[in-house]
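# An overview of the molecular structure
Below are the chains, spelled out letter by letter.
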Amino acid sequence: MNKRIYLSSPTMHGEEQRYIQEAFDTNWVAPLGKNVNEFEKELAAYVGVSHAAALSAGTAALHLAMKLAGVGEGDVVFCSDLTFAATVNPVSYEKGVQVFVDSEEESWNMDPKALEKAFEKYPNPKAVVLVNLYGTPAKLDEIREICSAHQVPLIEDAAESLGAVYHGKQTGSFGKYGVFSFNGNKIITTSGGGMLVSEDGEAVEKARFWATQSRDPARHYQHSEIGYNYRMSNIVAGIGRGQLKSLDLHIQKKKAIYETYRQAFASIPEIRMNPYLPGSTPNFWLSCITIDPASRVTPLDVMEALERENIESRPIWKPMHMQPVFAKNDFIQVTGGAPVGERVFERGLCLPSDVKNTEEDMDRIIGIVKGLFV
Ligand SMILES: *Cc1c(COP(=O)(O)O)cnc(C)c1O
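Attention in this report is confined to the structure presented alongside it. (Residues numbered from 1 in each chain as written. Predicted model: local features only at pLDDT ≥ 70, side-chain atom pairs only at ≥ 80, totals over all residues. Heavy atoms only, no water.)

### Concerning the state of the cysteines
What we call a disulfide is simply a covalent bond connecting the sulfur atoms of a pair of cysteines. Enumeration according to the criterion identifies zero disulfides in this entry. Cysteine Cys79 remains unbridged, with the sulfur of Cys147 as its closest cysteine sulfur at 12 Å. A disulfide-free cysteine, Cys350 has its sulfur positioned 3.8 Å from the sulfur of Cys288, the nearest such atom. The buried category is assigned to Cys350, whose relative accessible area is 0%. (Disulfide = S-S within 2.5 Å. Buried < 20%, exposed > 50% of the residue type's maximum accessible area, 1.4 Å probe, protein only.)

See the structure below:
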């Protein structure tokens, strides 16, 4: 059997061990400690925001962002439609109602025109949550302007886009609240973890309070609010500090992977790479393609051909408005016809984008894909 090629697996560099060792040496294995504080500071500095809270998962950060935005029973939240379910599930944790907003063609992310239309139909949503899909920035300035014109907080799900830049600014820093994930296959990983960032220091402090069981400042264990166990451990934060040092290297490698695919597939008119906006620099977390619907080759053909050669690939996220669990939720698109997200889902797939992919690995993958089109 050929060597397994992964979609996107953890890539450690040794630096991580040093911080873990330090935590062991000082017995700060748990709960909080220096690594947690430093990881928060280092990530905030990288992203260019003032405050950050290290949490157990990106999903936990999204949940606390929903709470900070005041989402409660029956409240409408406008959500990216083409995304991973984790972006939108926390709305339900607070008994809110997701209204899904279609994507645009240029970045596959939330369409500002569809968002405007959503505001016409639902003038008083509690929040907007948007994703930068696969590490590609959305039309962040436009969407931020629409949100501030309506005085609705924007929650930016930058779980996949750490290090991506839009108009000179880091993704995750556009919303009132930004969210990052360090899950196993993200561009940097701590095995599992997340971060909530904001310019609002009080909000981040409140998130830390909720994340540590909402303990009132009293000697006795006293609680005036429901709390959660959402904090990151000091060991996990140590891995994060080490990984952060390699983030730029990972972005460089991911970009090279994207460019290699782009050049290789330039000769096949039926294949298009996932697009990105002028003025944006993605982190190229996953390289994706779409295949022309007129082609006799389908994305499933490509996935199966790769799987036969022990190569991992993945379908595009299935849009939220197509999910059985959200069958009753509203969906807003600019015009009738097939939604943009649905077309990307049906015609697209994610190609192996592992930082450790070698030139030979890339040749193998490209050879198999191209072979289907001759
Ligand atoms: C991974 C991911 C999340 C969730 O992060 P976890 O750390 O796994 O909880 C949220 N949104 C998107 C778009 C993701 O890809």
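### Points about the packing of aromatic side chains
Evaluated as defined, the whole model comprises 13 aromatic pairs. Consider the rings of Phe78 and Phe119, whose centres lie 5.0 Å apart with planes at 90°: the pair is edge-to-face. Of this pair, Phe78 sits in strand 2 (residues 76-80) while Phe119 sits in helix 5 (residues 112-121), and the two are 41 residues apart along the sequence. Exposure class is identical for Phe78 and Phe119. Each is buried. A centroid spacing of 6.4 Å and a plane angle of 25° characterise the contact between Tyr134 and Trp285, whose relative ring orientation is stacked. (Phe/Tyr/Trp six-rings, centres within 6.5 Å; stacked < 30°, edge-to-face > 60°. Helix = DSSP H or I, 4+ residues; strand = E, 2+ residues; numbered from the N terminus.)

### Overview of the sheet that holds strand 6 (residues 165-166)
Sheets are built from strands paired through backbone hydrogen bonds, the pairs being either parallel or antiparallel. Pairing within the open sheet is antiparallel, and its three strands lie in the order 7-6-11. Every interior strand has two partners, whereas the edge strands, strand 7 (169-170) and strand 11 (280-281), have only one. Here strand 6 runs beside strand 7; their pairing, made up of two bridges, is antiparallel. The partner of Tyr166 across the bridge, within strand 7, is Lys169. (Pairing = 2+ DSSP bridges.)

### What to know about helix 12 (residues 359-373)
If you check helix 12, its first and last C-alpha atoms are 21 Å apart, about what 15 residues at 1.5 Å a residue would give, namely 21 Å. When helix 12 is considered as a whole, its buried residues turn out to be Asp361, Met362, Ile365, Ile366, Ile368, Val369 and Phe373. Along the axis of helix 12, the buried residues cluster in a sector spanning 155°; they form a single face. Opposite the packed face of helix 12, turned more than 90 degrees from it, sit the exposed residues Glu359, Glu360 and Asp363. Considering only its buried residues, helix 12 is in contact with helix 9 (247-265), strand 10 (271-273), strand 12 (288-291) and helix 10 (299-308). (Expected span 1.5 Å × (residues − 1). Arc of directions from axis to C-beta. Contact = heavy atoms within 4.5 Å.)

### Details of the site of the ligand
Near the ligand you find 16 residues, and of these Thr59, Asp157, Glu160, Ser181 and Lys186 are the closest. Contact between the ligand and Gly58: an oxygen atom at 2.8 Å from a main-chain N or O atom of the residue. Measuring from an oxygen atom of the ligand, one finds a side-chain N or O atom of Glu160 at 2.5 Å. Contact with the protein chains covers 93% of the free accessible surface of the ligand, which is 380 Å². For the shell around the ligand, the leading source of residues is helix 3 (residues 58-68), giving three residues. Residues of the shell around the ligand, tallied by class, amount to six nonpolar, seven polar and three charged. (Near = heavy atom within 4 Å. Polar contact = N/O pair within 3.5 Å; in protein donor to acceptor, adjacent residues only side chain to side chain. Areas by Shrake-Rupley, 256 points an atom, 1.4 Å probe, with all protein chains shown as cover. Nonpolar A, V, L, I, M, F, W, Y, C, P; charged D, E, K, R; others polar.)

### Observations regarding the pattern of salt bridges
This model, assessed by the stated rule, comprises 17 salt bridges. A salt bridge links Asp361 to Lys3, with the nearest nitrogen and oxygen atoms 3.0 Å apart. Here the residue Asp361 occupies a position in helix 12, and Lys3 occupies one in the segment before helix 1 (15-25), the gap between them amounting to 358 residues. The exposure class assigned to Asp361 is buried, which follows from its relative accessible area of 6%. Residue Lys121 pairs with Asp330 through a salt bridge whose shortest N-O separation is 2.7 Å. Of this pair, Lys121 sits in helix 5 while Asp330 sits in the loop between strand 13 (314-315) and strand 14 (331-332), and the two are 209 residues apart along the sequence. When salt bridges that share partners are traced, they join Glu40, Glu205, Arg208 and Arg231 into one network. (Salt bridge = Lys/Arg side-chain N within 4 Å of Asp/Glu carboxyl O.)

### Things to note about the sheet that holds strand 3 (residues 97-101)
If you walk across this open sheet you meet the eight strands as 1-9-8-5-4-2-3-14, and the pairing is mixed. Strands with a single pairing partner mark the edges of an open sheet, and in this sheet they are strand 1 (51-55) and strand 14. Where strand 8 (residues 177-181) meets strand 9 (residues 194-198), four bridges bridge the pair, whose relative direction is antiparallel. Counted as the bridge partner of Ser181 is Gly194 from strand 9. Strands in contact with helix 3 are strand 1, strand 2, strand 4 (127-131), strand 5 (154-157), strand 8 and strand 9; relative to strand 8, the strand with the most contacts, it is inclined by about 165°. (Axes fitted to C-alpha atoms, helices over the stretch in contact; angles between N-to-C directions.)

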